[in-house]
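# Summary of the model geometry
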Amino acid sequence: MELLDDIKAAKDVINALMKAKKAFRMYPENNPMYAKTIEDTYAKFGSFFDYRDDLTLKIKQNEIFCDTEQVYFNQQKEDNLALFFFKDGLREISFKKGFSIQELEEFLKILTVDYDREVLDDDVVTLLWERDFHNIRYVVDEAFLVEDEDYEVEAVREVKDKAVETDELTRAYEDAFKEEGVKDISIVPLSDKDLHMLVKELEKNNYNKMDKLLTIIFEMLYQADSKGDYEDVVHFLNDAIEYSMKHGDLETTTNIIKRTKETVDDPAISGEAKKYLNLVFSFLGSDTAIKLLGEFLDSGIEIEDRIFADYLKFLDKNAIQPFITILGELKSIPARKNVINALIALGKKDIQSLAKGLYDSRWYVVRNIIYIIGKIGDKKAVEYLLKTVNHGDIRVRKEVIKALGELGTQNVLQTLRDCLDDSDWQVRTSAARALGNVRSAAAKSIILRKVLDQDFRKNDFNEKKEFYEILSHWKDNDVVEFLMKTLKSRSFFNRATNDENRACAAYCLGLMGNKDALPLLYKARESNNKLLREYSYTAIKRIEHEQ
Amino acid sequence: MNSKEEVFAGAKDIINQLAVIIRTAAIHDPGNIAVTSAIDRFIAIVNPLITSEGEVVLELRGEFFYLGEARIRYSLEYLPNFDFLIREFKKREMGSIVFKDVLKAEDMQSFLKVFISSVFSSSPFEAITEGMNDIDNLSVGKLRKIREEKVEGEVDIRKVVKKSYFNAVSYTRGVINKIKSGEKVSIKKAKRVVESMVDMILEEEQLLLGMTAIKDYDEYTYHHSVNVSILSIALGQRLGLNKKTLTELGLVALFHDMGKIEIPNEILNKPASFTDDEWNTMKRHPFWGVRAILRLRGFDSTSIRAAIVAFEHHINYDHSGYPGTKKPLDLDFYSKIISLADQYDGMTSSRVYSRIPMPPDRALSLMMERAGTQLDPILFKFFINMIGVFPVGTLVMLDTKELGLVYQSDAMFLDRPKVLVIINNKGEKVDGYIVDLTEKDTNGKHLRTIIKTMDSNKYKINLAEYLL
Ligand SMILES: [Fe+2]
Ligand SMILES: [Fe+2]
């Protein structure tokens, strides 16, 4: 039998809805497919409304009907549109002509919500109800909400049974004549002031209520009389922290902990209570709490520096390990930056815990920890750092060498000097730069000695140039002397190499702005070697310009 | 084309602006610039609507204005003007106003003149209609009694409301039992139950309020929770709260006494008065409520509100109640609403606070004394407006010497409810017939008036027999 046109159109609508349900899960709102899905579905509704003014769908467990015609059938549990509506008690849904495209979009969003998520307290009917669509009507069967079907009958029978055989109606009637007459209850109308106050009250009603609940929870602490009560309070405060962290509300988190601190400091509070409250501080730095912080840092929610700094003040050293853990997991750069700042602040309290991060299996974590230790500048950290100098990853080695240089204690020199002999040029230059940062006379002589080394002179020009550049930090006589000597030196063998070194010396003298070197440089500018010529020329320009 | 939402947003403004005009016209001369510019603004809102809809009919039904068949929702900032206009309409027994064609400023001017002067007339509505003979595009209708045409369908509506009420109680009982036995409960279902109560209140407020009047169920605790929820939602509706907020309020109200699950049944259902020790145990239920709610739900926006209300609902507006706190708490808006509902329902039953139930009208006058001390005085005004001066279930004597029970309060005239007569004027018991106290004879005098109220408990009158 041929299907009627309107039924066919209804079937098309259902198919379009099924398709849209999938598409909405796949494409974000800014994807062109999203808008196209809405338009396509809307067109199907439009075609139906060409035949009739409203589309009423009757919903059974596995079927959907339009009039008496089945327009949908599915026995599977998965992706079953009929069951999807049916399970929440929806038995009929109708769309009226005039159903707008905005309404359709809202409706499709309701179809696509992930209702199995545990945090969600809404079902399809609740969402339809809240939206109050003008052009969608629906019928629900509330039977599944009833816990006990017979309750109504029983309760009514029970209250009615209480009627005494002979109620005393007649006596009531007689008494009525003796009673006093009713007093006039006059209702004072609402004044504008009343309403004004109510408006204010309603505004307050939208404020964050956490603070009030905290007051109540602390009140519970003050009135606690058993271990169990204390445990409850701690538990609730921890939950409150978890809740605010989950919502990316670090300000509330800080407020919770601030208030906990105030309570701990209250002389009226017992030692026992204090002991319990201290558990809240450790929770703040626990794996759970820091993980949540990491999640919302990574989600891109911006945190004001002031708020983050405020929060950091309350963390204890137990947070170090969890922070190191998330440091390796975070994807966004600003998030990592925040964690690094946190570790710089916390690491000062316990460099030893922080140093454990140097053994992390992830090279980038180790590199960050080195950076952090460097920033903290604790001289005691050197011994931990020294252990990572031979790390398997070059990026780590470079970082640690740099950090060592920044720390600049006597005991790093030996290590840095060894690094100058490393087989990897990156390590060698890093070590040289680090020595340059140390700036001590000892560091200077290490570099001087290195550049004098016959083997070194054969190194790549760029590396040598780097070393000479570092030397320019020391504007001492012995350095100048060495440079002048190098610039003058002549060699008949390996002339090219020698000229490279001379170029380096010229370069360095230029950087130092040494005008005494000018005569030598003028001479070198006339050299046959192009490199030397160029570097001498630049150095001269630089020195003359500075004068 | 205007969408429906826009039409309704406009409707809210029409009511608002009409109130502004009438207010200004009452203090200024009609030709005054304040009045004329208010009229111009009004016309600018109304005329586009007339063009798109043909005509604009504003009707007052009960406490609400309707545009056509749809109730106009308002939020609190509109309430002063809505409230004003409702009173001005009622004073004149005027129920509707119709604008058509193209409304002109002169039409509004002539209407204002008669409208304002009509208040001094003994039959104000007639005075308005007479004065409006030569206005073309504006007409008025008399205040209609609500739902007078629906008497036949009423039985069925009652059944639906009753079913909805008992569903809620049975659900609550199930949930509380589950909680007691440590089972997980789904808030999704609770929401659905409350949503259906919200719907009932939006549509059949008085009938659902009537269901809260019967108090002698054995398992009153569950009925109490549902009653407090219903009364709170109804009050919230009067305050202009939206559907979503009403649901939250209702949900929070439903669990206000959660802490009582820790009180032994022997105390809870004790027929005699409490000993001091027992009282002290009872007074811990706000603490236990917070604990139970937070343990059950953890933290989310609703459970935070619920825990706050569980803690605060006995503190009282003047902080004279319990539990005492180190620093006085600034009571939550929901707590204030719910404690009104809680006090009323508690006082009128024999199971919540006192062992002796109080007749509803007595409870109300006691609450009136407490307004400003224990109770929020402003919210109380709304409460009494909702429940009526003679709440459902009050035993009353009429000036016709008929004795009856208040059956349904009248949204317009708070002291003129519908009464179910159970003893006629000859002192004979009758099957019960309903009389409407707003009815007047041909001379405009009321046919019946309440002269006395009595305690139905004293005479063991079983309300359920009459009301269910
Ligand atoms: Fe209570
Ligand atoms: Fe209560």
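Residue indices begin from 1 for each chain and proceed along its sequence in written order. Written order determines the labels here, with chains lettered from A and ligands numbered from 1. Reporting of local features is limited, given that this is a predicted model, to residues whose pLDDT is at least 70; pairs of side-chain atoms are given and counted only at 80 or more, and all residues count toward the totals for whole chains, interfaces and linings. Processing note: side-chain calculations cover all non-hydrogen atoms of the structure and skip hydrogens and water entirely.

### A word on the overall build of chain A
Heads up, the rule is: The helix count covers DSSP runs of H or I at least four residues long, the strand count covers runs of E at least two residues long, and both are numbered beginning at the N terminus. Here the globule rule reads 2.2 Å times residues to the power 0.38, and the radius of gyration is calculated from C-alpha atoms. Any residue under 20% of the maximum accessible area for its type is buried, any over 50% is exposed, and the rest in between are partly exposed; the area is computed with a 1.4 Å probe on protein chains only. Should any heavy atoms of two residues lie within 4.5 Å, those residues are counted as being in contact. Under this rule, positive means Lys or Arg and negative means Asp or Glu; His and the chain ends count for nothing. Charge placement uses NZ in Lys and CZ in Arg. For Asp and Glu, CG and CD serve respectively.
Assigned secondary structure in chain A consists of 28 helices and 5 strands. A globule of 547 residues ought to have a C-alpha radius of gyration of about 24 Å, yet chain A, at 40 Å, is considerably larger. Each of the three principal axes of chain A carries a C-alpha extent, and together these read 135 × 80 × 50 Å. Counting every position in chain A, which comprises 547 residues, the buried fraction comes to 50%. Look at the contacts in chain A between residues 6 or more apart in sequence, and 66% of them connect residues 24 or more apart. Here chain A carries 82 positive and 100 negative side-chain charges, and the mean point of each set is 15 Å from the other.

### What to know about the coordination of the iron ion (ligand 1)
Residue and element names in this part refer to chain B. Filter applied, for reference: Listed donor atoms are N, O and S within 2.8 Å of the metal (Na, K and Ca: 3.2 Å). As water is not included, a site may look incomplete. The geometry test gives tetrahedral to four donors whose angles all lie between 85 and 135 degrees, gives square planar to four donors and octahedral to six donors whose opposite members are over 155 degrees apart with all other angles between 65 and 115, and gives irregular to the rest.
For the iron ion (ligand 1), the full set of protein donor atoms is D257 (OD), H285 (NE2), H313 (NE2) and H314 (NE2), at a range of 2.1 to 2.3 Å. Its 4 donor atoms give the iron ion (ligand 1) angles of 83 to 172 degrees at the centre, a pattern that matches the irregular case. Separating the iron ion (ligand 1) from the iron ion (ligand 2) is a distance of 3.4 Å, and D257 supplies a donor atom to each of them. With H285 in helix α12 (residues 285-297) and H314 in the loop between α13 (301-312) and α14 (333-347), this residue pair connects regions lying 29 residues apart in the sequence. A residue is classified by how much of its surface remains accessible, and H314, at 8% relative accessible area, is buried.

### So, helix α2 (residues 32-51) of chain A
Residue and element names in this part refer to chain A. So the rule is basically this: For a helix, the expected span equals 1.5 Å multiplied by the number of residues minus one. Whenever two N or O atoms come within 3.5 Å, that pair is a polar contact, provided that in protein one can donate a hydrogen and the other can accept it, and provided that, for residues adjacent in sequence, both atoms are side-chain atoms.
Relative to the 28 Å expected for 20 residues at 1.5 Å per residue, α2 spans 30 Å between its end C-alpha atoms, a close match to the ideal helical length. Tucked into the core, α2 has its buried residues touching α1 (5-26), β1 (54-59), β2 (63-66), β4 (90-96) and α4 (101-112). The distance from a side-chain oxygen at the start of α2 to the backbone nitrogen of M33 is 2.7 Å, and the residue carrying that oxygen is N31.

### Regarding the coordination of the iron ion (ligand 2)
Donor atoms from the polypeptide that bind the iron ion (ligand 2) are B:H224 (NE2), B:H256 (NE2), B:D257 (OD) and B:D342 (OD), placed at 2.2 to 2.3 Å. In primary-sequence terms, the residues that donate to the iron ion (ligand 2) follow H-x31-H-D-x84-D.

### Regarding the interface of chain A and chain B
So the rule is basically this: Note on definitions: buried area is the accessible-area loss of two parts on being combined, 1.4 Å probe, summed for both. Residues are grouped as follows: nonpolar covers Ala, Val, Leu, Ile, Met, Phe, Trp, Tyr, Cys and Pro; charged covers Asp, Glu, Lys and Arg; every other residue, Gly included, is treated as polar.
Contacts between chain A and chain B engage 81 residues on the former and 105 residues on the latter. Of the roughly 8,500 Å² buried at the junction of chain A and chain B (both faces included), carbon and sulfur atoms supply 62%. Elements supplying a minimum of two residues to the side of chain A that touches chain B: α5 (124-131), α6 (151-161), α7 (169-178), α8 (192-204), α9 (210-222) and α10 (227-246) of chain A. Tallied by class, the residues present in the side of chain A that touches chain B amount to 39 nonpolar, 10 polar and 32 charged.

### Some thoughts on the domain arrangement of chain A
Our working definition: Domain limits in this description derive from either an automatic procedure or a database domain assignment.
Structurally, chain A comprises domain 1 (5-145), domain 2 (222-349) and domain 3 (456-547). In this structure, domain 1 of chain A and domain 3 of chain A have C-alpha centres spaced 80 Å apart.

### Let's talk about the sheet that holds strand β6 (residues 395-398) of chain B
Residue and element names in this part refer to chain B. Let me state the cut-off plainly: By this definition, two strands are paired if DSSP reports at least two bridges between them. Angles here are taken between N-to-C directions and fall from 0 to 180 degrees, while the axes themselves are lines fitted to C-alpha atoms, restricted in helices to the stretch in contact.
Taken together, 5 strands build an open sheet; the order of strands is β9-β8-β7-β6-β10 and the sheet is antiparallel. The open sheet has two edge strands, β9 (429-436) and β10 (450-454), and neither has a second partner. Strand-to-strand, the axes of this sheet are offset by a mean angle of 35 degrees, without reference to chain direction. Note that β6 and strand β7 (residues 403-408) share 3 bridges and pair antiparallel. For L395, the partnering residue across the bridge sits in β7 and is L405.

### A look at the packing of helix α20 (residues 394-407) of chain A against helix α21 (residues 410-419) of chain A
Angle between the axes and distance between the axes: these two values describe a pair of packed helices. All names here are of chain A. The line we're drawing: We call a crossing left-handed when the near helix sits turned anticlockwise from the far one by less than a right angle, and right-handed when that turn is clockwise.
One way to put it is that α20 packs onto α21 with a least axis distance of 10 Å and a crossing angle of 145 degrees. Relative to α21, the crossing made by α20 is left-handed. Of α21, the residues touching α20 (which contributes I401, L404 and G405) are V412, T415, L416 and C419. Here the contact of α20 with α21 is composed, by residue class, of 5 nonpolar, 2 polar and no charged.

### Topic: the domain arrangement of chain B
Residues and elements named next belong to chain B. Test applied: In what follows, salt bridge is the name for a side-chain nitrogen of Lys or Arg lying within 4 Å of a carboxyl oxygen of Asp or Glu.
Domain parsing of chain B yields domain 1 (3-142), domain 2 (157-387) and domain 3 (395-467). For domain 1 and domain 2, the distance between their C-alpha centroids amounts to 39 Å. Contact residues are listed per partner, giving 8 residues for domain 1 and 7 residues for domain 2. Taking both partners together, domain 1 and domain 2 bury about 610 Å²; carbon and sulfur atoms supply 49% of that area. The interface formed by domain 1 and domain 2 holds 0 salt bridges in total. At the surface where domain 1 touches domain 2, the tally comes to 0 residue pairs in polar contact (both at pLDDT 80 or more).

### Focus on the nonpolar core
What counts, and what does not: Nine residue types can take part in a nonpolar core, namely buried Ala, Val, Leu, Ile, Met, Phe, Trp, Tyr and Cys, and a core is a set of them joined through side-chain atoms within 4.5 Å.
A:Y311, A:F323 and B:F99 are the most contacted members of the largest nonpolar core, which has 293 residues in total. Considering every element that reaches this core, the biggest residue donor is helix α7 (residues 187-211) of chain B, with 12 residues. Grouped together as the second largest cluster of nonpolar side chains are 42 residues, A:A10, A:F85, A:I93 and A:Y115 included.

### Some thoughts on the environment of A:I38
All names here are of chain A. Its place among the elements puts I38 in helix α2. The class of I38 is buried, set by a relative accessible area of 6%. Placed 385 residues apart in sequence, I38 and S423 show a C-alpha to C-alpha distance of 63 Å. If we skip the residues at most four places from it in the chain, I38 touches F24, I101, L104, E105 and L108.

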